[in-house]
Amino acid sequence: MPERFRPGKKAHELPRDTLVDLYRRTVAAHGSLRRTWHTAVADAHGPEIAEQAAAGGWPRAAAGADDRVLFYDDLRFIVAATELQPAMLTIARRDQATLPEELSMGRSWFGVLSRGRAAGGSERATARKTRDASPAWVGSPGRVKGRLRGVGLQLGFAGLLAAWHKSQGNKPLPFEVEAFERKMEHDLSPKQLALLWNHAALAYMLGTDRWYTQVQKRCGDHEAQRLEKEVWLDRGAAEHDLQIGIDATGVQGGTIEALLRGFQFAPGEVGILDVEFELDGPTRGVLTHHKCPALDRFEHFDDTRLKHCCDICIAGMPLSGELLNPKIRCKPLKLPPRHDSNDIACQWEYTLSESD
């Protein structure tokens, strides 16, 4: 008899083999998303522009690095970034386990920066606030604070990425990928695997930001937004993301429960969003996003980019339900703007329709 759906199930509670499979699928998805973006850019602007954008986002790509090397470069960057901003993690805590030392090797001065920042304050001080904390902003003065925060996040992330590229250049990875993956498969504990997978999910989703930024530089905001929608909606990246959770956890059936099970371990969902699941009987389920990186980054700072991100979700969330069952309907119950910083980001209702 299948296990009943547990809305608060943690990643480290999955069977170990499932965690290994989920990690491997997420690594593969990183490469698949890169190729999808590359094809979309090449089809629109030619292979030369696509190659320039790819090399701008991944300097090692110009030296002929393959998909797995580029993934592990992104993974090592994300590991360093979460030392500075542990609140980026959504389904694991940095103090729940120790990551393999290979992911922190060969950082040059970027590693010194990471260690210095981490030593300057505890993770508790930088972790996200509890949901019942006092609002960080309300009203017009809060918009000023929110705008400054958004500018800081935008510049901070761009600065970190530039520092990483300068530090790493085209140097080879400081470890052998095959040896690392054997270690991952055989030696890591479930809590280590869960923490590794959360970082892998962030690395996977980093790819779309890199492509967006590179297309924006060459072709402008409108074209970057158009291609991002094309990649995630028309070229199937949103559905593929849900399929990762479905395939890794062995989800079967076209029910609301099955859909929530798939979402529960889709890397582009729980890997970057703070999600609460509610299964309200066999025909209704609700997803509440308490935290959204796009909202945190663009709120009060770039309303156009935020609206673009929300538009992708408004179109993509229904596609996820239809992937499992054409009778599953989706509607947003809550969308930005937020009342204050402790308000939910957005909320989605899925229902199983009786009619065709």
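Residues numbered from 1 in each chain as written. Predicted model: local features only at pLDDT ≥ 70, side-chain atom pairs only at ≥ 80, totals over all residues. Heavy atoms only, no water.

Draft legend 1. Looking closely at the overall build of the chain. When you go through the chain residue by residue, the secondary structure sums to 14 helices and four strands. Of the contacts formed within the chain by residues at least 6 apart in sequence, a portion of 76% connects residues at least 24 apart. Just so you have it, the chain exposes about 16,300 Å², and 53% of that area is on carbon and sulfur atoms. (Helix = DSSP H or I, 4+ residues; strand = E, 2+ residues; numbered from the N terminus. Contact = heavy atoms within 4.5 Å. Areas by Shrake-Rupley, 256 points an atom, 1.4 Å probe, with all protein chains shown as cover.)

Draft legend 2. Up close: helix H2 (residues 47–57). For H2, the full list of buried residues reads Ala50, Ala53, Ala54 and Gly57. Seen end-on, H2 carries its buried residues on one side only, within an arc spanning 100 degrees. (Buried < 20%, exposed > 50% of the residue type's maximum accessible area, 1.4 Å probe, protein only. Arc of directions from axis to C-beta.)

Draft legend 3. Expanded view of the packing of helix H1 (residues 16–45) against helix H4 (residues 67–84). Where H1 meets H4, the closest approach of the two axes is 9 Å, and the angle between their N-to-C directions is 105 degrees. Classified by the angle between their axes, H1 and H4 sit roughly perpendicular to one another. Of the residues in H4, those in contact with Tyr23, Val27, His30, Gly31, Arg34 and Arg35 of H1 are Asp67, Leu70, Phe71, Tyr72, Asp74 and Leu75. (Axes fitted to C-alpha atoms, helices over the stretch in contact; angles between N-to-C directions. Parallel < 35°, antiparallel > 145°, perpendicular 65-115°, else oblique.)

Draft legend 4. Quick peek at the packing of aromatic side chains. One pass over the structure, following the stated rule, counts ten aromatic pairs. Aromatic pair tyrosine 72 and phenylalanine 175: ring centres 5.8 Å apart, planes at 90 degrees, arrangement edge-to-face. Of this pair, tyrosine 72 sits in helix H4 while phenylalanine 175 sits in the loop between helix H7 (139–168) and helix H8 (177–186), placing them 103 residues apart in sequence. Note on accessibility: tyrosine 72 and phenylalanine 175 belong to one class, buried. Ring centres of tryptophan 197 and phenylalanine 265 lie 6.3 Å apart, and the angle between their planes is 50 degrees; on these two criteria the pair is classed as tilted. (Phe/Tyr/Trp six-rings, centres within 6.5 Å; stacked < 30°, edge-to-face > 60°.)

Draft legend 5. Molecular detail of the sheet that holds strand E1 (residues 274–279). Taken together, the four strands give an open sheet; going across it, the order is E1-E2-E4-E3, and neighbouring strands pair in antiparallel fashion. In this open sheet, the two edge strands, each paired with only one partner strand, are E1 and strand E3 (328–334). The mean inter-strand angle of the sheet, taken between neighbouring strand axes irrespective of direction, is 20 degrees. Bridging between E1 and strand E2 (residues 284–291) involves six bridges; their strand directions are antiparallel. The residue of E2 that forms the bridge with leucine 279 is glycine 285. Running over the sheet, helix H14 (residues 303–324) touches E2, E3 and strand E4 (346–352) and is turned about 30 degrees from E4. (Pairing = 2+ DSSP bridges.)

Draft legend 6. Structural context of helix H10 (residues 221–234). Over its 14 residues, H10 extends 19 Å from the first C-alpha to the last, a length consistent with the 20 Å expected when each residue adds 1.5 Å. Where H10 is concerned, the buried positions are Glu223, Ala224, Gln225, Leu227, Glu228, Glu230, Val231, Trp232 and Leu233. Considering only its buried residues, H10 is in contact with H1, helix H9 (190–219), helix H11 (237–249) and H14. (Expected span 1.5 Å × (residues − 1).)

Draft legend 7. Focus on the nonpolar core. Counting 95 residues, the largest nonpolar core has Tyr23, Trp37, Tyr72, Leu196, Trp232 and Tyr350 as the members making the most contacts within it. It is H9 that provides the largest number of residues to this core, a total of 14 residues. When sequence neighbours within four positions are dropped, the list of residues in contact with tyrosine 23 reads Phe71, Tyr72, Leu75, Phe180, Met184, Leu196, Trp197 and Ala200. (Core = buried A, V, L, I, M, F, W, Y, C linked by side-chain atoms within 4.5 Å.)

Draft legend 8. Layout of the pairing of E2. The element E2 is largely enclosed, with a buried count of seven among its eight residues. From the end of E1 to the start of E2, which pair antiparallel, there are four residues, and glycine 281 there has a positive phi angle of about 85 degrees.

Draft legend 9. Focus on the environment of arginine 68. Tracing the sequence through the fold places arginine 68 in helix H4. Using a relative accessible area of 30% as the deciding quantity, one classes arginine 68 as partly exposed. As for arginine 68 and alanine 28, which are separated by 40 residues in sequence, their C-alpha atoms are 8.0 Å apart. Residues contacting arginine 68, with those up to four places away along its chain left out, are Val177, Glu178 and Glu181. At a separation of 2.8 Å, a polar atom in the side chain of arginine 68 contacts the side chain of glutamate 178. (Polar contact = N/O pair within 3.5 Å; in protein donor to acceptor, adjacent residues only side chain to side chain.)

Draft legend 10. Layout of the environment of alanine 97. Secondary-structure assignment places alanine 97 in the loop between H4 and helix H5 (109–119). With a relative accessible area of 17%, alanine 97 lands in the buried category. The spatial distance from the C-alpha of alanine 97 to the C-alpha of leucine 195 is 7.1 Å, given a sequence separation of 98 residues. Residues within four places of alanine 97 in sequence aside, it is in contact with Lys191, Gln192 and Leu195.

Draft legend 11. Quick look at the pattern of salt bridges. One pass over the structure, following the stated rule, counts 29 salt bridges. Linking arginine 235 and glutamate 230 is a salt bridge whose minimum nitrogen-to-oxygen distance equals 2.7 Å. Taking relative accessible area as the criterion, arginine 235 reaches 33% and is therefore assigned partly exposed. The partner of lysine 331 in a salt bridge is glutamate 349, with the nearest N and O atoms 3.9 Å apart. Placement of lysine 331 in strand E3 and of glutamate 349 in strand E4 is noted, with a sequence separation of 18 residues between them. Accessibility expressed as a relative area gives 45% for lysine 331, which makes it partly exposed. Classification of glutamate 349 by relative accessible area gives buried; the value is 12%. One connected set of salt bridges, linked through shared partners, spans Arg24, Arg68, Glu178, Glu181 and Glu185. (Salt bridge = Lys/Arg side-chain N within 4 Å of Asp/Glu carboxyl O.)

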